[in-house]
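# Chains, contacts and geometry: an overview
The residues making up each chain are set out below.
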Protein chains: 2
Amino acid sequence: MAARFALVIDPAASDDPRTDFADTFTVIDPGAPALSVSELSTQRGDGIFESIGVIDGHAQEADAHLQRLAHSARLCDLPEPHLVQWSQAVARAAESAGDGEAVIKLILSRGIEHGPTPTAWVTAAPAADFSGPRRDGIRVVTLDRGLDSGAPARAPWLLLGAKTLSYAVNMAAIREAHRRGADDAVFVSSDGIVLEAPTASLILKVGERFVTPAPTGGILHGTTQLSLFEHLEARGASTAYETVPAAALRTVDAAWLVSSVRLAAPITSIDGLPVAVDAELTASFNEYLLSPRV
Amino acid sequence: MAARFALVIDPAASDDPRTDFADTFTVIDPGAPALSVSELSTQRGDGIFESIGVIDGHAQEADAHLQRLAHSARLCDLPEPHLVQWSQAVARAAESAGDGEAVIKLILSRGIEHGPTPTAWVTAAPAADFSGPRRDGIRVVTLDRGLDSGAPARAPWLLLGAKTLSYAVNMAAIREAHRRGADDAVFVSSDGIVLEAPTASLILKVGERFVTPAPTGGILHGTTQLSLFEHLEARGASTAYETVPAAALRTVDAAWLVSSVRLAAPITSIDGLPVAVDAELTASFNEYLLSPRV
């Protein structure tokens, strides 16, 4: 949905000793013109982002998202974000969100072409209603990501572990999934290793174990997946990061795409092949994910 | 350099019968806020672009660029641009450019998130002075693009033949080239086939033949390369599109990166190995490329 709140950040140096950054924030009308056409985010998708789920004004796992923003910045040779400053901006956006579910987006762009500093802003918008997919599930298709599983280590300039603004391929993959009559996609490496969804992580249930593809540089380490694994481990369940061959998707006992805003969506079919849905377990996942998490 | 002219286009349907689109253009201050933070170009690099060289107010090969914009739109499921409308916008931007060299950028974004239409704009800026690289040349390094040469045909959702705004990897490749003491990069597929530079096409001289990697979906078909090949053919030279293995780069007689604004930059070394520069031929290339071309 359209953003209802936006603030522009004047990015502080990462060693700025201040403790209050309120005067570096400018609240703006989220629908009004705010960015120049010379913005490199808009010209070249040259920047990084995070999407944070918000429940009743509480930003979920803000620290994990900020740590990942800093990680993306390092991979992209962007100035290190000042985490206290960004954390205060997130708090400010969360306050604006009110009751119910919302999404906060953090964007750090390389800035104006030939300009002196990055551009940064934070928005908040009501979340779409995802109760349907959380309960009834989603159909997914596997799509070749074109890259082999050795590419991330061999070619760090492909920025595979960074959450960059260059998401055109992710969006095209979701359109391709729709064309194939599915709701979402799961990327597979050209050598047949399961990766991630365009905007979510994949969790599989294999017997009594919960398995997710190992984030070895080629995929993002999902904050929601991490949080759910901690939750499962605290309840005595067995979890694992593994190299998952695409063929293994045919024999899973259950599967979910998990992400910060849609949360846990059970997968009902993969490439047309039905996957069993554990409704009770899925409900417990979403109950946990909807509870306040730090 | 910073844009000195910008206009926003209200995109017409591709079958709009009008012949004068002047009232669909809004000239704006290129440095002023113009785009909302909900722009999908800025959030996800979700859009397409073209860069057109301008010489003394003449937009070089505007039609070829507009055709490629339309091709990119089709690959990205964006509404077909109205070519008469865009052509008039280019003419308007070219008029603003004055004498000397300039660059016009065309951007077609998917628009505001959940909004009804794409967003489109055109900018003009003075070109940087490229007389140095045109005369003295550039050092390049080869960088693995991670994708094998079968990926474009197998996985059209990778948008490999589209000039999308998702250029973070292209920019990271140029930064990696700089880290290695070079000026630019040449991408090579994971199975060792030479592709293109992050923002330019590669032309090789092999004996008396001019060769460029075949644009079989995995690379952009360079407008400058096309124009130069036409020029060479008209003068009786032999040109060819070929599958070029990376090893063949070691034995070329000369090589250039060619693009719309820097034009023909002779390559002086590839991965540290010297490449001979044909100064006279390079000067003739740039003389041609600087002449008015339609």
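Treat the numbers as computed from the prediction; the structure is a model and nothing was measured.

The next subject is the relation of the copies chain B and chain A. Least-squares fitting of chain B to chain A yields an RMSD of 0.0 Å, with the transformation described by 0.0 Å of translation along the axis and a rotation of 180°. Such values leave the two copies arranged in the relation of a two-fold axis.

What follows deals with unusual backbone geometry. Peptide bonds are, in most cases, trans, and in most cases residues other than glycine have a negative phi. All names here are of chain A. The phi dihedral of Glu61 is positive, around 50°, even though this residue is not glycine. Along the polypeptide, Glu61 turns up in the loop between strand S4 (58-59) and helix H2 (62-75). Backbone geometry places Leu263, a non-glycine residue, at a positive phi of 65°. Note on placement: Leu263 falls in strand S13 (residues 263-270). By relative accessible area, which is 2% here, Leu263 ends up buried.

Residue and element names in this part refer to chain B. Burial analysis of strand S1 (residues 5-9) places 4 of its 5 residues in the buried class, the great majority of the element. Pairing of S1 with strand S6 (residues 119-126), which is carried by 5 bridges, proceeds in the antiparallel orientation. Paired with Ala6 across the bridge in S6 is Thr123. Relative to strand S2 (residues 25-28), S1 runs antiparallel, the two sharing 4 bridges. When the sheet's bridge partners are listed, Ile9 is paired in S2 with Phe25.

A separate point is the side chain of Ser260 of chain B. All names here are of chain B. Checked against the element boundaries, Ser260 lands in the loop between strand S12 (254-259) and strand S13 (263-270). A distance of 3.3 Å separates the side chain of Ser260 from the backbone oxygen of Ser51, its partner in a polar contact. The residues contacting Ser260, other than those within four sequence positions of it, are Ser51, Gly53, His65, Thr223 and Thr224.

All names here are of chain B. Relative to the helices and strands, Val294 resides in the segment after helix H8 (279-290). Relative accessible area serves as the criterion here: at 88%, Val294 is assigned to the exposed category. The sequence separation of Val294 and Ala62 amounts to 232 residues, and the corresponding C-alpha distance is 6.8 Å. Among residues more than four places away in sequence, those in contact with Val294 are His58 and Glu61.

Another point: the interface of chain B and chain A. Each side of the interface is counted separately: chain B has 56 residues, and chain A has 56 residues. Carbon and sulfur atoms supply 55% of the area buried between chain B and chain A, which totals about 4400 Å² over both sides. If you sort the residues of chain B by the area they bury against chain A, Val37, Thr42 and Trp157 of chain B come out on top, with a joint share of 18%. Put simply, Lys105 of chain B and Glu113 of chain A hold a salt bridge, and the shortest N to O gap is 3.6 Å. Joining chain B to chain A, the criterion identifies 27 residue pairs in polar contact (both at pLDDT 80 or more). The element best represented in the side of chain B that touches chain A is helix H6 (residues 168-179) of chain B, accounting for 8 residues. A breakdown of the residues in the side of chain B that touches chain A according to their chemical character gives 29 nonpolar, 13 polar and 14 charged.

What follows deals with the nonpolar core. One finds Ile104 of chain A together with Ile104 of chain B to be the most contacted residues of the largest nonpolar core, which totals 96 residues. Each residue touching Ile104 of chain A, except ones within four places of it in the same chain, is listed here: Glu50, Ser51, Ile52, Val54, Ala59, Val90, Ala93, Ala94, Val122, Thr123 and Ala124 of chain A. By size, the runner-up hydrophobic cluster in this structure holds 23 residues, among which are Trp121 and Met171 of chain A together with Val37 and Tyr167 of chain B.

Next up on the list: the sheet that holds S1 of chain B. Residue and element names in this part refer to chain B. With antiparallel pairing, 6 strands are arranged side by side in an open sheet as S2-S1-S6-S5-S3-S4. In this open sheet, the two strands that pair with only one neighbour each are S2 and strand S4 (58-59). Contacts from helix H2 (residues 62-75) reach strand S3 (47-55), S4 and strand S5 (101-109) within the one sheet, and its direction differs from that of S3 by about 175°.

For the rest of this paragraph, the subject is the side chain of Gln225 of chain B. Counting through the fold element by element, Gln225 of chain B comes out in helix H7 (residues 223-234). Look past the residues within four positions of Gln225 of chain B in its chain and what remains in contact with it is Ser201, Ile203, Thr212, Tyr241 and Val258 of chain B.

Our focus in this paragraph is the domain arrangement of chain A. Residues and elements named next belong to chain A. Examined at the domain level, chain A breaks down into domain 1 (5-126) and domain 2 (131-290). For domain 1 and domain 2, the distance between their C-alpha centres works out to 26 Å. Domain 1 puts 23 residues into the contact, and the matching count from domain 2 is 19 residues. One can count 1 salt bridge joining domain 1 with domain 2. Among the ionic pairs, Glu101 bridges to Arg134, the shortest N-O distance being 2.6 Å. If you look at where domain 1 meets domain 2, you find 11 residue pairs in polar contact (both at pLDDT 80 or more). Contributions of two or more residues to the side of domain 1 that touches domain 2 are made by helix H1 (40-44), strand S3 (47-55), H2 and strand S5 (101-109).

Let us now look at the pattern of salt bridges. Here the structure, examined in full by the defined rule, presents 40 salt bridges over all chains. In this structure, the salt-bridge partner of Arg44 of chain A is Glu113 of chain A, at a minimum N-O distance of 2.7 Å. One end of the pair, Arg44 of chain A, is in helix H1; the other, Glu113 of chain A, is in the loop between S5 and strand S6 (119-126), with 69 residues separating them in the sequence. By the burial criterion, Arg44 of chain A is buried, and Glu113 of chain A matches it. Overlapping salt bridges, with partners in common, bring together Asp77 of chain A together with Arg175, Glu176, Arg179 and Arg180 of chain B in one network.

All right, on to H7 of chain B then. All names here are of chain B. Spanning 12 residues, H7 covers 17 Å between terminal C-alpha atoms, matching the ideal 16 Å at 1.5 Å per step. Along H7, the residues that are buried comprise Thr223, Thr224, Gln225, Ser227, Leu228, Phe229, His231 and Leu232. The inward-facing, buried residues of H7 abut H2, strand S9 (201-206), strand S10 (209-213), strand S11 (238-242), S12 and H8. With its phi angle positive at about 90°, Gly236 sits one or two positions after the end of H7.

Right, let's talk about the packing of H2 of chain A against helix H3 (residues 83-97) of chain A for a bit. Helix packing for two helices is described by the angle between their axes and how far apart those axes are. All names here are of chain A. Direction vectors running N to C along H2 and H3 enclose 135°, while the axes themselves pass 10 Å from each other. As the angle between them shows, H2 and H3 are arranged oblique. Considering the relative orientation of H2 and H3, their crossing is right-handed. Each of Ala62, Leu66, Gln67, Leu69 and Ala70 in H2 lies in contact with H3, whose residues at this interface are Leu83, Trp86, Ser87 and Val90. When grouped by side-chain class, the residues that make up the contact of H2 with H3 number 7 nonpolar, 2 polar and no charged.

Definitions and cut-offs
Per chain, residue numbering runs from 1 following the sequence as it is written. Here the convention is simple: chains get letters from A, ligands get numbers from 1, in the order in which they are written. Totals for whole chains, interfaces and linings use all residues, but because this is a predicted model, local features are given only for residues with pLDDT of at least 70 and pairs of side-chain atoms are given and counted only at 80 or more. Excluding hydrogens and water, the side-chain figures rest on all heavy atoms present in the structure. Only residues with pLDDT of at least 70 in both copies count here: their C-alpha atoms drive the least-squares fit that superposes the copies. Where helices and strands are cited, they refer to DSSP runs of H or I of at least four residues and of E of at least two residues respectively, numbered from the N terminus. Each residue's exposure class comes from its accessible area (1.4 Å probe, protein chains only) as a fraction of the maximum for that residue type: buried when under 20%, exposed when over 50%, partly exposed otherwise. When DSSP finds at least two bridges between two strands, those strands are taken to pair. N or O atoms closer than or at 3.5 Å make up a polar contact, with two conditions inside protein: a donor-capable atom paired with an acceptor-capable one, and, for residues adjacent in sequence, both atoms drawn from side chains. Any two residues whose heavy atoms approach within 4.5 Å at even a single point are treated as in contact. Summed over both partners, the accessible area lost on bringing two parts together, with a 1.4 Å probe, is the buried area. Salt bridges are defined by distance alone: a side-chain nitrogen of Lys or Arg within 4 Å of a carboxyl oxygen of Asp or Glu. Classification convention: Asp, Glu, Lys, Arg as charged; Ala, Val, Leu, Ile, Met, Phe, Trp, Tyr, Cys, Pro as nonpolar; all other residues, Gly among them, as polar. Nonpolar cores were defined as sets of buried Ala, Val, Leu, Ile, Met, Phe, Trp, Tyr and Cys residues, with membership established by side-chain atoms within 4.5 Å. Fitted lines through C-alpha atoms serve as axes, helices being fitted only where they are in contact, and the angles separating the N-to-C directions of these axes extend from 0 to 180 degrees. For the purposes of this description, domain bounds are those given by an automatic or database domain assignment. One less than the residue count of a helix, multiplied by 1.5 Å, gives the span that helix is expected to have. Our angle categories are set so that under 35 degrees counts as roughly parallel, over 145 as roughly antiparallel, 65 to 115 as roughly perpendicular, and the remainder as oblique. Crossing chirality is assigned from the near helix's rotation relative to the far helix, an anticlockwise turn below a right angle marking it left-handed and a clockwise turn marking it right-handed.

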